[in-house]
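Structural features, examined
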Protein chains: 2
Amino acid sequence: MKIAVFGTGMVGDTIGSKLLEVGHSVMMGSRASGNEKALAFAAKHEGKAGTGTFAEAAAFGEIIFNCTAGVGSVEALKMAGEENLKGKIIVDIANPLDFSNGMPPTLTVCNTTSLGEEIQHAFPKAKVVKALNTIWCGIMVNPSMINGGDHSTFICGNDATAKEEVKEILKSFGWSGNNILDLGDITKSRGTEMYLPLWLSIYGATNNGAFNIKIVG
Amino acid sequence: MKIAVFGTGMVGDTIGSKLLEVGHSVMMGSRASGNEKALAFAAKHEGKAGTGTFAEAAAFGEIIFNCTAGVGSVEALKMAGEENLKGKIIVDIANPLDFSNGMPPTLTVCNTTSLGEEIQHAFPKAKVVKALNTIWCGIMVNPSMINGGDHSTFICGNDATAKEEVKEILKSFGWSGNNILDLGDITKSRGTEMYLPLWLSIYGATNNGAFNIKIVG
């Protein structure tokens, strides 16, 4: 499948590399063409990955992974162009963290809305699926790194078929279907995004970001 | 130890009953004396538990468990009187959930503050310890109900000694010390309270409130 990865940071690099590894074609999108990190990503994968603007990547992709920083995600997707996103799945793994006032970050949107909802609202013809935003990116693509792979991740979104497609991608990353909990429609993004302050507190208390939560009961 | 339990709902009843079971003296506090639910609680425990106003209960207690609905917690504590709370531990297990606009509830405070912080701010001479607010009350007092008792709970607060005292109470409830994570100061209440929307989503998706999360990593 042709997949666009928006964002050239650690998350975009990690997700893009895994998508290549499991057999997809990947184009990494960024604000302007010739982005150094995107070119380094493509070089690392010996030309198997493409690079382009957000618009070029979105036009290429059948699915778009939003790995941009949450504060800039809606703007990045607007640069991609509504026509290039129409009817496509946007896998939103970003969190609306605002670091501008120092640590700990606050959320730019929460409680009565969420980044997932804001993206769906801005692009009503796209199919937004919130996924993977509750874990460090190393575990996103390698769940077996901890607890034998037995821990929980969440998806939500308004389109059932889109969620099934994303679930298959997560399985190809190593997630067991039993550990992927469908929380419901895109409003459920609020819960997974508002979990971030607790995630950051656990990280701070344990000095270990390579953790996750497992639902037991 | 003499403990005041604020709140006559299911949480107050559950916590109060467990505190009696493990050997404490309990007075259940409510807005007005003669509260029917408080009297029923005392009757159920054959006179071993007392009842009174918030002020009477706070004057009685060496520790106060806040089991009121979060939207009314600060007001309830104000009714107790600052002098009756001075120097005492307030174990805040409430969540600032606002059900007035229907389901799902939103939080009355979040992101840049929290109920735990608001209580600490209103009563600077009390020692607020946030605890147990991330789980259904049945599991709060009976962690072995699920996963052999092996799952995570959180405490936070500004006073290290107060947190140790609360940790001992949690251990007497059946919690393993290894599963009680101290997140830091009272600002960390934000994380545990902002987890509630995810808790509610998991509950909604699984139809099971008798669950918890276990940190793995």
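These numbers were taken from a predicted model, which means no experiment stands behind them.

**Section: the layout of surface pockets**
Within this model, the largest pocket holds a volume of roughly 830 Å³. Around the largest pocket, the lining comprises 33 residues; the ones closest to its centre are V11(A), C67(A), T68(A), A69(A) and L97(A). If you list the elements that add at least two residues to the lining of the largest pocket, you get α1 (10–21), α4 (73–80), α7 (137–140) and α10 (196–206) of chain A. Residue contributions to the lining of the largest pocket peak at four residues, all from α10(A). Of the residues assigned to the lining of the largest pocket, the class counts are 19 nonpolar, 13 polar and one charged. In this structure, the second largest pocket occupies an estimated 630 Å³ of space. Along its surface, the second largest pocket is lined by 28 residues, and V11(B), N95(B), L97(B), F99(B) and L196(B) are the ones closest to its centre. Residue assignment for the lining of the second largest pocket shows that the elements contributing at least two residues are α1 (10–21), α7 (137–140) and α10 (196–206) of chain B. For the lining of the second largest pocket, the element with the most residues is α10(B), which contributes four residues. Looking at the lining of the second largest pocket residue by residue, the classes come out as 18 nonpolar, ten polar and no charged.

**Notes on the relation of the copies chain A and chain B**
Between the two copies, chain A and chain B, the superposition gives an RMSD of 0.0 Å; the rotation angle is 180° and the shift along the axis is 0.0 Å. Seen this way, the second copy is the image of the first under a two-fold rotation axis. A high fraction, 100%, of the interface residues of chain A reappear at the interface in chain B, so the copies pair face to face through one surface.

**A few points about the sheet that holds strand β5 (residues 89–92) of chain A**
Residue and element names in this part refer to chain A. The sheet built from eight strands is open, its strands ordered β3-β2-β1-β4-β5-β8-β9-β10 with mixed pairing. At either end of the open sheet lies a strand with only one pairing partner, and these are β3 (49–53) and β10 (180–184). Along the sheet, successive strands turn relative to each other by an average axial angle of 25°, direction set aside. Sheet topology places strand β1 (residues 2–6) next to strand β4 (residues 63–66); four bridges connect them, and they run parallel.

**Quick word on the packing of α4(A) against helix α6 (residues 115–122) of chain A**
Residue and element names in this part refer to chain A. Look at α4 against α6: their axes get within 10 Å of each other, and the N-to-C directions meet at 25°. With respect to α6, the axis of α4 lies roughly parallel. Seen from above, α4 lies across α6 with right-handed handedness. On α6, the residues that touch S73, V74 and L77 of α4 are L115, E118, I119 and A122. For the contact of α4 with α6, the class distribution of residues is five nonpolar, one polar and one charged.

**So, unusual backbone geometry**
All names here are of chain A. For the bond from M103 to P104, the omega torsion is -10°, close enough to zero to count as cis. Along the chain, the position of P104 falls in the loop between β6 (97–98) and β7 (106–107). At E46, a residue that is not glycine, the phi angle is positive and equals roughly 50°. Accessibility expressed as a relative area gives 68% for E46, which makes it exposed. The backbone phi angle of L132 is positive, close to 65°, even though this residue is not glycine. Mapping L132 onto the fold places it in the loop between β8 (127–131) and α7. With a relative accessible area of 0%, L132 lands in the buried category.

**Description of the packing of aromatic side chains**
Tallied over the full model, the rule gives six aromatic pairs over all chains. Their ring planes at 45° and their centres at 5.3 Å tell us that W199(A) and Y203(A) sit as a pair that is tilted. Of the two residues, W199(A) and Y203(A) both sit in helix α10, four residues apart, roughly one turn of that helix. Where F6(B) meets F54(B), the ring centres are 4.7 Å apart and the plane angle is 35°; that geometry is what we call tilted. Remark: F54(B) occurs in helix α3 (residues 54–60) and F6(B) occurs in strand β1 (residues 2–6); sequence separation between them is 48 residues. With a relative accessible area of 0%, F6(B) lands in the buried category. For F54(B), a relative accessible area of 7% puts it in the buried group. Ring pairing ties together the aromatic residues W199(A), Y203(A) and F211(A), which thus form one cluster.

**Brief notes about a nonpolar patch on the surface**
All names here are of chain A. A cluster of nonpolar side chains, contributed by M10, W136 and M145, occupies part of the molecular surface with about 300 Å² of accessible area. Within the secondary structure, M10 sits in helix α1. You can call M10 exposed: its relative accessible area is 55%.

**Quick notes on the UniProt feature "domain: Pyrroline-5-carboxylate reductase catalytic N-terminal" (unreviewed entry) in chain A**
Per the UniProt record, "domain: Pyrroline-5-carboxylate reductase catalytic N-terminal" (unreviewed entry) is found at residues 2–96 of chain A. Annotated as residues 2–96 of chain A, this span is 42% helix and 25% strand, and its ends, taken at the C-alpha atoms, are 26 Å apart.

**As for the pattern of salt bridges**
Opposite charge on two side chains makes pairing possible when the charged atoms of those side chains draw close. Applying the stated criterion across every chain yields a total of 20 salt bridges over all chains. For E117(B), the salt bridge goes to R190(B), with nearest N and O atoms at 2.7 Å. With E117(B) in helix α6 (residues 115–122) and R190(B) in helix α9 (residues 189–194), this pair connects stretches of sequence that are 73 residues apart. In this structure, E117(B) and R190(B) share a single accessibility class: buried. By sharing partners, the salt bridges in this structure join D92(A), K130(A) and E193(A) into a single network.

Criteria and cut-off values
- Residues numbered from 1 in each chain as written.
- Chains lettered and ligands numbered in written order.
- Predicted model: local features only at pLDDT ≥ 70, side-chain atom pairs only at ≥ 80, totals over all residues.
- Heavy atoms only, no water.
- 1 Å grid on protein atoms, 1.4 Å probe; cavity = no way out; pocket = protein on both sides within 12 Å on 5 of 7 lines; lining within 4 Å.
- Points joined across faces, edges and corners; volume = space filled by probe spheres on them.
- Helix = DSSP H or I, 4+ residues; strand = E, 2+ residues; numbered from the N terminus.
- Nonpolar A, V, L, I, M, F, W, Y, C, P; charged D, E, K, R; others polar.
- Least-squares fit on C-alpha atoms with pLDDT ≥ 70 in both.
- Contact = heavy atoms within 4.5 Å.
- Pairing = 2+ DSSP bridges.
- Axes fitted to C-alpha atoms, helices over the stretch in contact; angles between N-to-C directions.
- Parallel < 35°, antiparallel > 145°, perpendicular 65-115°, else oblique.
- Left-handed = near helix turned anticlockwise from the far one by under 90°.
- Buried < 20%, exposed > 50% of the residue type's maximum accessible area, 1.4 Å probe, protein only.
- Phe/Tyr/Trp six-rings, centres within 6.5 Å; stacked < 30°, edge-to-face > 60°.
- Patch = residues over 30% accessible without salt bridge, like charges linked within 9 Å, V, L, I, M, F, W, Y side chains within 5 Å.
- Areas by Shrake-Rupley, 256 points an atom, 1.4 Å probe, with all protein chains shown as cover.
- Salt bridge = Lys/Arg side-chain N within 4 Å of Asp/Glu carboxyl O.
- UniProt positions renumbered as here; feature names shortened; annotations may be inferred.

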